[in-house]
Amino acid sequence: MMHYSLKTFENLKKSIQRREGLLPFDFLGRTLAYNPYVPRALVSDLARDGKIAKKCFNYPAFSYERLSFVIDLDSEFIMVDFRTTYEENILGAGDFDCLTQLRRYSQKFIIHNDIFLNEYQILESCIYGSDCIVLDAEILGKDLASMCEFAIRLALIPIVKITSLKNLKSAIFAKAQVFYITQDFSNLIASVPNSKIILCDLPSDVSELDEKSSYGVDMFFVQALD
């Protein structure tokens, strides 16, 4: 589980305030009528279609110069991770352009991994071209259900990150269909309803996917290396 510093949250909140100051929520919402990047993924696209789990490469927020590398990654899904960027930076709207670039030049489904705190960020993610977003049940707490509902209204797929049985119950209550288990996997998986889709990080001791390593998992997140 990633633990965030106080500096990360300070920069994150300043980043959101800056973007909302330039483009308020209501005005941003009106741009949906002209948005060319409607979310494309279905929940079923995340489910494995055989005995072996799918792979999704996880790549940090990137510059335009790295776009061709990301496009060439052998995966139907790409997860773009912005979480570590807040430790040193206060992001502006332009820092999310890599999502739009990936959407414009690739057919890959995009998972936006971020520290989502409010609906404004979800609306932005939809407009930038994401197909799915990762919501952290531990951080959102009682707001998880409303955040999932808002994402679904925009046709985004909310992927709920869980680290405990308490998180799992919250995700089920929020009617989430896709769970990202990042901790205590063996114990939590037994409690997940069979109808749900399960994602997790590829274990460090697994070099090649097979039926045994894929047990209970629909998709593994794999760290992409340059």
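Computed from a predicted structure; not experimentally measured. (Residues numbered from 1 in each chain as written. Predicted model: local features only at pLDDT ≥ 70, side-chain atom pairs only at ≥ 80, totals over all residues. Heavy atoms only, no water.)

## Concerning the pairing of strand β8 (residues 219-223)
Part 1 of the argument: Within β8, four of the five residues are buried, which leaves the element mostly enclosed by the surrounding structure.
Part 2 of the argument: Here five bridges tie strand β1 (residues 54-60) to β8, and the two strands are oriented parallel to one another. For F57, the partnering residue across the bridge sits in β8 and is V222. (Buried < 20%, exposed > 50% of the residue type's maximum accessible area, 1.4 Å probe, protein only. Helix = DSSP H or I, 4+ residues; strand = E, 2+ residues; numbered from the N terminus. Pairing = 2+ DSSP bridges.)

## Focus: the pattern of salt bridges
Part 1 of the argument: Using the criterion set out here, one finds six salt bridges in the structure.
Part 2 of the argument: D131 is the partner of R40 in a salt bridge, and the nearest nitrogen-oxygen pair spans 2.4 Å. On the criterion of sequence distance, the pair formed by R40 in the loop between α2 (25-30) and α3 (43-46) and D131 in the loop between α6 (119-128) and β4 (132-136) is long-range, its members being 91 residues apart.
Part 3 of the argument: Take R40: its relative accessible area is 25%, and that puts it in the partly exposed class.
Part 4 of the argument: Since its relative accessible area comes to 0%, D131 is described here as buried.
Part 5 of the argument: Note that D81 is salt-bridged to R83, the shortest N-O span being 2.7 Å.
Part 6 of the argument: The class of R83 is buried, set by a relative accessible area of 11%. (Salt bridge = Lys/Arg side-chain N within 4 Å of Asp/Glu carboxyl O.)

## Structural notes on the packing of aromatic side chains
Part 1 of the argument: Taken as a whole and assessed by the stated rule, the structure comprises nine aromatic pairs.
Part 2 of the argument: Relative to F9, the ring of Y4 lies with its centre 5.8 Å away and its plane at 85°, an arrangement referred to as edge-to-face.
Part 3 of the argument: For F9, a relative accessible area of 23% corresponds to the partly exposed category.
Part 4 of the argument: Measuring from centroid to centroid gives 4.8 Å for Y180 and F221, while their planes differ by 70°, and the two rings are edge-to-face. Taken together, the residues Y180 in strand β6 (residues 178-181) and F221 in strand β8 connect sequence positions 41 residues apart.
Part 5 of the argument: Here a set of aromatic residues connected by ring pairs shows up, and it is made of F25, Y120 and F150. (Phe/Tyr/Trp six-rings, centres within 6.5 Å; stacked < 30°, edge-to-face > 60°.)

## Quick look at the sheet that holds strand β5 (residues 157-162)
Part 1 of the argument: The strand order around the closed barrel built from eight strands is β1-β2-β3-β4-β5-β6-β7-β8, with neighbouring strands paired in parallel fashion. Each neighbouring strand pair of the sheet contributes to a mean axis angle of 30°, computed without reference to strand direction.
Part 2 of the argument: Where strand β3 (residues 109-113) lies against β4, three bridges are found, and the strand directions are parallel. Counted as the bridge partner of I111 is C132 from β4.
Part 3 of the argument: On top of the sheet, helix α8 (residues 144-153) reaches β4 and β5; it is set at about 155° to β5, its chief contact. (Axes fitted to C-alpha atoms, helices over the stretch in contact; angles between N-to-C directions. Contact = heavy atoms within 4.5 Å.)

## Section: the nonpolar core
Part 1 of the argument: Judged by nonpolar contacts, the single largest core of 30 residues is most densely connected at I122, L135, L144, V160 and I162.
Part 2 of the argument: Counting only elements with at least two residues in this core, the list comes to α6, β4, α7 (137-140), α8, β5, α9 (165-173), β6 and α10 (185-189).
Part 3 of the argument: Residues L67, Y128, V222 and A224 belong to the second largest nonpolar core, which totals 23 residues. (Core = buried A, V, L, I, M, F, W, Y, C linked by side-chain atoms within 4.5 Å.)

## Describing the packing of α6 against α8
Part 1 of the argument: In the contact formed by α6 and α8, the axes pass within 10 Å of each other and the chain directions differ by 25°. When the axis of α6 is compared with that of α8, the two are roughly parallel. Where α6 crosses over α8, the handedness of that crossing is right-handed. Residues E119, I122 and L123 of α6 form the contact with α8, whose own contacting residues are S146, M147, F150 and A151. (Parallel < 35°, antiparallel > 145°, perpendicular 65-115°, else oblique. Left-handed = near helix turned anticlockwise from the far one by under 90°.)

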